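# Fold and contact review
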Amino acid sequence: MKRICVFCGSSPGTGDQYMDAAGKLGLALLGHNLSLVYGGAGVGLMGVIANTFMENNGEVVGVIPKALFDKEVACTYLTDLRVVDTMHERKSLMAELSDGFIAMPGGLGTIEEFFEVLTWAQLGIHQKPCGILNVNGYFDRLTDFLDHAVSQRFIGKDCRSLVLMDHDPEILIQKMKAYQAPEVDKAKWALGMVQS
């Protein structure tokens, strides 16, 4: 792995624990000589992780749609800032540039971005690790939902195993480095031919 894409909020959230966690994740990624790909904003958790990289001479690639750039939320002093036309282009380029993905706390955009790359992993479009940094139990209810979806046979256990998670950034990075993409036959599972 060379570059990790981090999806996270442009908001700071309700407490310092989220901002602190963004800084700690940045330092952990730097400690593994990894570069950062992210959404290009200079505010909230996004701003903290980008600043952590820049202050420590790390490589940061930001990808931001022109509409957001024009609203002056872009972090313009990155190693590489790419301005694209649409959100779809943003997500596609971020995925192309990255060797793995981490979701931190964030809102609808963060969740949507993570689940898109997770779905691509499920479909075999890529074999890159998809991790969640579960700061302060933020994603507990989401993982409960995923387990419920497995119990109701809308998600297979093999697909559920695609989600790597930890509250400790160092442990999460180790899990991602050790990740081996499972063979998931979505078509057979959907037809009820695989009991998982």
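Scroll up a little and you will see the structure.
Everything numeric in this text was worked out from a predicted model, so none of it was measured. Here, residues in each chain are numbered from 1, in the same order as that chain's written sequence. In keeping with the model being predicted, local features are shown solely for residues with a pLDDT of at least 70 and side-chain atom pairs are shown and tallied solely at 80 or more, while totals for entire chains, interfaces and linings include all residues. With hydrogens and water stripped out, all remaining heavy atoms of the structure feed into the side-chain values.

Axis lines are fitted through C-alpha atoms, for helices just across the contact stretch, and the angle between N-to-C directions can take any value from 0 to 180 degrees. Starting at the N terminus, helices and strands are each numbered in turn, a helix being any DSSP run of H or I of at least four residues and a strand any DSSP run of E of at least two. Look at helix 1 (residues 16-31) against helix 8 (residues 169-178): their axes get within 9 Å of each other, and the N-to-C directions meet at 45°. Judged by the angle between their axes, helix 1 and helix 8 are oblique. The interaxial crossing formed by helix 1 with helix 8 has right-handed handedness. Side by side, helix 1 and helix 8 meet where K24, L25, A28 and L29 of the first sit next to P169, E170 and I173 of the second. Basically, the charged four are Asp, Glu, Lys and Arg, the nonpolar ten are Ala, Val, Leu, Ile, Met, Phe, Trp, Tyr, Cys and Pro, and anything else, Gly included, counts as polar. In the contact of helix 1 with helix 8, the residues fall into five nonpolar, no polar and two charged. For classification purposes, an angle smaller than 35 degrees is called roughly parallel, one larger than 145 roughly antiparallel, one from 65 to 115 roughly perpendicular, and anything else oblique. Less than a right angle of anticlockwise turn of the near helix away from the far helix marks a crossing as left-handed, whereas a clockwise turn marks it as right-handed. For this analysis, residues touch if any pair of their heavy atoms sits within 4.5 Å.

Our next topic: the pattern of salt bridges. Pairs may arise between side chains of opposite charge once their charged atoms sit close together. We define a salt bridge as a contact between a side-chain nitrogen of Lys or Arg and a carboxyl oxygen of Asp or Glu at a distance within 4 Å. Enumeration over the complete set of coordinates arrives at seven salt bridges. For K66, the salt bridge goes to D70, with nearest N and O atoms at 3.0 Å. Placement of both K66 and D70 in helix 3 (residues 66-70) is noted, with a separation of four residues, approximately one turn of the helix. Between D166 and K175 there is a salt bridge, and its shortest N-O distance comes to 3.3 Å. Three exposure classes are used, based on accessible area relative to the maximum for each residue type with a 1.4 Å probe and protein chains only: buried under 20%, partly exposed in between, and exposed over 50%. Taking the relative accessible area as the measure of exposure, D166 reaches 13% and is therefore buried. By relative accessible area, which is 33% here, K175 ends up partly exposed. Each of K91, E112 and E116 takes part in one network of salt bridges that share partners.

Listed in full, the buried residues belonging to helix 8 are P169, L172, I173 and M176. All buried residues of helix 8 lie within an arc of 100° about the axis, which places them on one face of the element. Packing partners of the buried residues in helix 8 comprise strand 1 (3-7), helix 1, strand 5 (100-103), strand 6 (130-133) and strand 7 (163-166). The N-terminus of helix 8 is capped by D168, whose side-chain oxygen sits 2.8 Å from the backbone nitrogen of E170. To be clear, the arc concerns the directions from the helix axis to the C-beta atoms. What qualifies as a polar contact is a pair of N or O atoms within 3.5 Å, subject to a donor-acceptor requirement within protein and to the restriction that residues adjacent in sequence count only when both atoms come from side chains.

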